[in-house]
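The primary structure of each chain is shown beneath.
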Amino acid sequence: MASGGEQVLNAGGRETGAEFRVRGLVQGVGFRPNVWRLATRFGLAGEVLNDGEGVLIRAWGAPEHLSAFEAALGREPPPLARVETIERVALLGRARSGEFRILASEAGKIETGIIPDAATCPECLAEVLDPANRRFRYPFANCTHCGPRLSIVRAIPYDRATTSMSAFPMCEDCRAEYENPADRRFHAEPNACPVCGPRTRLEDESGKSFTLESGEDAVTAAARLIACGSIVAIKGIGGFHVACDAGNAAAVSRLRERKHRYHKAFALMARDVAMVGNFARVSEAEAALLQSVAAPIVVIEAAEDRQALPQAIAPGQSSLGFMLPYTPLHHLLMRDLDRPIVLTSGNRSDEPQCVENGDARRRLSGIADVWLMHDRDIVSRLDDSVARLVLGAPSILRRARGYAPTPIRMPDGFADAPRVLALGAELKSSFCVLSSGQAMLSQHIGDLEDAATHDDYRAALRLYHKLFSFTPQVICVDQHPDYLSTQWGHALARETGARLVSVQHHHAHIAAVLAEHDVPLRTLPVLGIVLDGIGLGEEGELWGGEFLLADYRSFERLARFAPVPLVGGAKAMREPWRNAFAHLEQFIGWESVAARYAELDIVHLLRQKPIPALVRMIESGINAPPASSAGRLFDAAAAMLGISPESTSYEGQAACELEALAATRFSGDSSSYPTELAPGAPLTLQWGPLWNALLEDLANGVGRANIAARFHRGVISGLTAATRKLVESHGVSTVVLSGGVFQNRLLLEGVCAGLAQSRVKVLVPRSVPANDGGIALGQALIAAARSLTETSASLDRDAKRV
Ligand SMILES: [Zn+2]
Ligand SMILES: [Zn+2]
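This write-up is about the structure you can find in this document. (Residues numbered from 1 in each chain as written. Chains lettered and ligands numbered in written order. Predicted model: local features only at pLDDT ≥ 70, side-chain atom pairs only at ≥ 80, totals over all residues. Heavy atoms only, no water.)

Thoughts on the overall build of the chain
Rule in force here: Labels follow the DSSP assignment, with helices taken as runs of H or I lasting at least four residues and strands as runs of E lasting at least two, numbered in each case from the N terminus. Atoms counted for the radius of gyration: C-alpha only. Globule rule: 2.2 Å times the number of residues to the power 0.38. Partly exposed residues are those whose accessible area sits between 20% and 50% of the maximum for their type, while under 20% is buried and over 50% is exposed, using a 1.4 Å probe and protein chains only. His is not counted here, nor are the chain ends, while Lys and Arg score as positive and Asp and Glu score as negative. For the purpose of locating charges, the reference atoms are NZ of Lys, CZ of Arg, CG of Asp and CD of Glu.
For the chain, the helix and strand inventory stands at 24 helices and 30 strands. The C-alpha radius of gyration computed for the chain amounts to 28 Å, which stays within 12% of the reference 28 Å derived for 802 residues, consistent with globular compactness. Taken along its principal axes, the extent of the C-alpha atoms in the chain is 100 × 85 × 50 Å. Looking at the chain as a whole, 59% of its 802 residues qualify as buried. Charge separation in the chain, taken as the distance between the mean sites of 83 positive and 91 negative side-chain charges, equals 1 Å.

What follows is the structure, given as structure tokens:
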């Protein structure tokens, strides 16, 4: 605010002052130099600075110039900024000088400005491809509008000294760009060039420099080796990848064998959208997502002929995951190749991706033939994000590079929330920091069952603690006592004195969707349908197919999938036949199935299993806990159709392959299997009629793809009917769909279509994953809502006492 005592000195009354407060993603994105350019354009005097709330501008000039400046602020932000609000107040006094100046940050105020890593901008790419430019073929060119951010930052304030670029003192030319407010590289902390910046190097297995052919650099040599069938480890922006020619079936198979990754689809990188279009049916919206600054892997329907890409790229799938080059290094590499490459994480099976050179030499030995290294350290491991179009708009399936740590603005009612740290679940783990009206969801970290992932999780937490100057008042965990994140949360709460709050798994899924759709704290209850593998319910039950009437604070379970035993406990997660058996035994009776359908493959397969022992387990309840799991229902159906019945090699494999099979007949076969909604509290969806119809179809030789489609339709109509009934009986106006099983697009779009006529608003996950990767956000909001309720309740009590 201006000091009110000063005189307005503009003699003609023409010059006036205004203060602009800009909020949103405005720090670390070149916002101040952009303001400087606009102010200079309109002949304004004054200053701009960053502070704890965003960007503050004080400007003086003719009233019409100030208004034009204000309009331009909102209309012409720098590419990576996201302006949420611009507030203007009149300013007394006058400019300290006739100039417009960029001021250093106000002392003592926290300035974060940590934004996601961004794909190379068109200007930088043009320079890298221009033989006359000093950055010609330089793999690390970047500017204020693009380049590494979260992946290189160690602490705040965000400047070169606190990033892994501190090892590279800027040369005179780079320094001049860095200090010139008119330059695109003004205060671009990772600014670099071939003289002063990081360098690439091609190494062989022994760590020695690979001998280049004449005229080659490390990147052209890597491209040549890929084209010849080699497997090349490539250090990227957030970790190591391993790459091979996607059109070379032998190389792809060799990569699968060396990585011990036999089924899960490989991601691909193509030079441009046109190249993707040779192999997949790219819509305009998908092209836009591929070319966005986040540059995620986009899951796109494969073209029918796939133009000679081997099946081993994505076995059993009808879609392919493509991304475009997002650093100059990737652009240069792809310019030398005329086919897409496999670009999969540089790790062994399920371990986290390597980030450190020495570690990559050791752990990728035996996988890669050569290593394309560079000498800039990766501070935070950031996997490639994954997204896909659902109902015509993007939905994020894995949120990491390019998206984290973009803050999510908290809905109305949460302004006074305490500082919350929510620790997520167990698989696809991430955590969430809630502070100053914003929620920062960490990047996808991985499955905490893996010890190395657990170390990464703690390192990321320490970093966020520093970056957001954050000490939690409340720590929030899942109700499941065995999750490492839960145990660790308990320890952390004891250590720090923070309050501990436990949140039910499926309730958190619903709250995450409410939060990202900006549903206010004081909302009427919504009906949340959450379908996933397993989460702990109330009183120790295992849930996973749930209809909950919920707001941010609490929930009531209105309906569920019928609980079916997980025969063999955790083994039921990896061996689909166990679920087929449990479902058949429970809903029809194994003896009856075996007698009526003796010729079916699934019956032959189950006869090989120790049936009497399994029945004893179910009857005695030992190692066969009942679970209302949606994931296991899909596993059971997949096993009956012969889709990896014995074992799966990654989570959700059977369901993914079942969906891909169903998709081939989904529009051509409108038949559906019946289900039954049994009365009670909660209501229960029963699958007996569905399995009877499916077995009949199998016995009558109906095609597997038709059966898969009919199964999907059956589940969709069962879900839709139950939802309609509950919407009506409880007067609900909003339905939320979430949980990992809803990553099945046929299912999600089918349920949405089924609800289209019932006048309810349907909210689906968009910027936060439907799977457990999004759960920490929901946990944080629930913990905050409960704290706020208690605070207002105790204030009410105090008020009454007075
Ligand atoms: Zn750039
Ligand atoms: Zn330089």
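Overview of the pairing of strand β10 (residues 297-301)
Our working definition: At least two bridges found by DSSP between two strands is the condition for calling them paired.
Taking burial as the measure, the five residues of β10 include four buried ones, the bulk of the element. Bridging between β10 and strand β14 (residues 386-390) involves three bridges; their strand directions are parallel. The residue bridging I297 from the neighbouring strand is V386, located in β14. Judged from the four bridges that link them, β10 and strand β11 (residues 319-323) form a sheet pairing that is antiparallel. Each residue of the ladder has a partner; that of V298, found in β11, is F322.

A word on the coordination of the zinc ion (ligand 1)
Threshold: For Na, K and Ca the donor cut-off is 3.2 Å; for every other metal, N, O and S atoms count as donors within 2.8 Å. Water does not enter the count, which can leave sites looking incomplete. In this scheme the shape depends on donor count and angles: four donors with every angle between 85 and 135 degrees give tetrahedral, four or six donors with opposite pairs above 155 degrees and others between 65 and 115 give square planar or octahedral in turn, and any other case is irregular.
Surrounding the zinc ion (ligand 1) are the protein donor atoms C121 (SG), C124 (SG), C143 (SG) and C146 (SG), which sit 2.3 Å from the metal. For the zinc ion (ligand 1), the four donor atoms are set out with angles of 104 to 118 degrees between them, so the coordination reads as tetrahedral. Sequence spacing of the donors to the zinc ion (ligand 1): C-x2-C-x18-C-x2-C. Classification of C143 as buried rests on a relative accessible area of 0%.

Some details on the sheet that holds strand β18 (residues 432-435)
Which entries qualify depends on this criterion: Residues count as neighbours in contact if any of their non-hydrogen atoms are within 4.5 Å of one another. Convention adopted: a line fitted to C-alpha atoms gives each axis, helices being fitted over their contacting stretch, and angles between N-to-C directions are expressed from 0 to 180 degrees.
Taken in spatial order, the six strands line up as β16-β19-β18-β17-β20-β21 in an open sheet, and their pairing is mixed. The open sheet terminates on both sides in strands that have one partner only, identified here as β16 (408-409) and β21 (499-503). Two elements, strand β17 (residues 420-422) and β18, share three bridges in a ladder whose sense is antiparallel. What sits directly across from A422, in β18, is C432. Where helix α12 (residues 484-496) meets the sheet, its contacts fall on β17, β20 (474-478) and β21, and the angle it forms with β20 comes to roughly 160 degrees.

Thoughts on the side chain of R149
Note the cut-off: Every case where a carboxyl oxygen of Asp or Glu lies within 4 Å of a side-chain nitrogen of Lys or Arg is listed as a salt bridge.
In this structure, R149 sits in the loop between α3 (122-128) and α4 (172-179). One buried charged residue, R149, forms no salt bridge at all, with the nearest opposite charge on D117 at 7.2 Å. Not counting residues up to four positions away in its chain, the partners in contact with R149 are G28, L80, I115, P116, D117, C143, T144, Y158 and P190.

A closer look at the nonpolar core
Note that soluble globular proteins tend to have their nonpolar side chains buried in a common cluster. Heads up, the rule is: Only buried residues count toward a nonpolar core, which is a set of Ala, Val, Leu, Ile, Met, Phe, Trp, Tyr and Cys residues joined through side-chain atoms within 4.5 Å.
F547, W691, F711 and L719 are the most contacted members of the largest nonpolar core, which has 79 residues in total. The contact partners of W691, leaving out residues within four places of it in the chain, are H583, L584, F587, I588, L633, A636, A637, M640 and F711. C476, A511, V513 and L763 belong to the second-largest nonpolar core, a separate cluster that totals 45 residues.

Observations regarding the environment of P563
Mapped onto the elements of the fold, P563 is located in the loop between β24 (555-561) and β25 (564-565). Of the residues examined, P563 reaches a relative accessible area of 26% and is grouped as partly exposed. Taking the C-alpha atoms as reference points, P563 and L542, separated by 21 residues in sequence, lie 8.4 Å from one another. Apart from residues no more than four positions distant in its own chain, P563 is found in contact with Q586, P626, A627 and S628.

Section: the coordination of the zinc ion (ligand 2)
When a metal holds four donors in a tetrahedron, each ideal angle between them is 109.5 degrees; when it holds six in an octahedron, the ideal angles are 90 or 180 degrees. Here the zinc ion (ligand 2) is held by C171 (SG), C174 (SG), C193 (SG) and C196 (SG), and the distances to it run 2.2 to 2.3 Å. For the zinc ion (ligand 2), the four donor atoms in the first shell make angles of 103 to 117 degrees at the metal, a pattern classed as tetrahedral. Along the chain, the residues donating to the zinc ion (ligand 2) fall in the pattern C-x2-C-x18-C-x2-C. Here C196 lies in the loop between α4 and β6 (200-203) and C174 lies in helix α4, a separation of 22 residues in the sequence. The class for C174 is buried, based on a relative accessible area of 0%.

Some remarks on the side chain of N142
Going by this rule: Definition of a polar contact: a pair of N or O atoms within 3.5 Å, with one able to donate and the other able to accept a hydrogen when the atoms are protein atoms, and with sequence-neighbouring residues admitted only if both atoms are side-chain atoms.
Counting through the fold element by element, N142 comes out in the loop between α3 and α4. A relative accessible area of 0% places N142 in the buried class. From its side chain, N142 meets the backbone oxygen of P190 in a polar contact 2.8 Å long. The contacts of N142, once residues within four sequence positions are left out, are C124, G147, P148, R185, P190, N191 and A192.

As for the pattern of salt bridges
Pairing is possible between side chains that carry opposite charge, provided their charged atoms lie close to one another. The tally for this structure, following the rule as stated, stands at 41 salt bridges. Salt-bridge contacts for R362 lead to D359; the nearest nitrogen and oxygen are separated by 3.8 Å. You can see R362 and its partner D359 sitting in helix α10 (residues 357-363), three residues apart, about one turn around the helix. Here R362 falls in the exposed class, since its relative accessible area comes to 58%. Assessed through its relative accessible area of 18%, D359 is described here as buried. Here E541 and R557 are joined by a salt bridge, their closest N and O atoms 3.4 Å apart. Here E541, found in the loop between β22 (526-536) and β23 (542-550), pairs with R557, found in strand β24; they are 16 residues apart in sequence, far enough to count as distant.

By themselves these figures say nothing about function.
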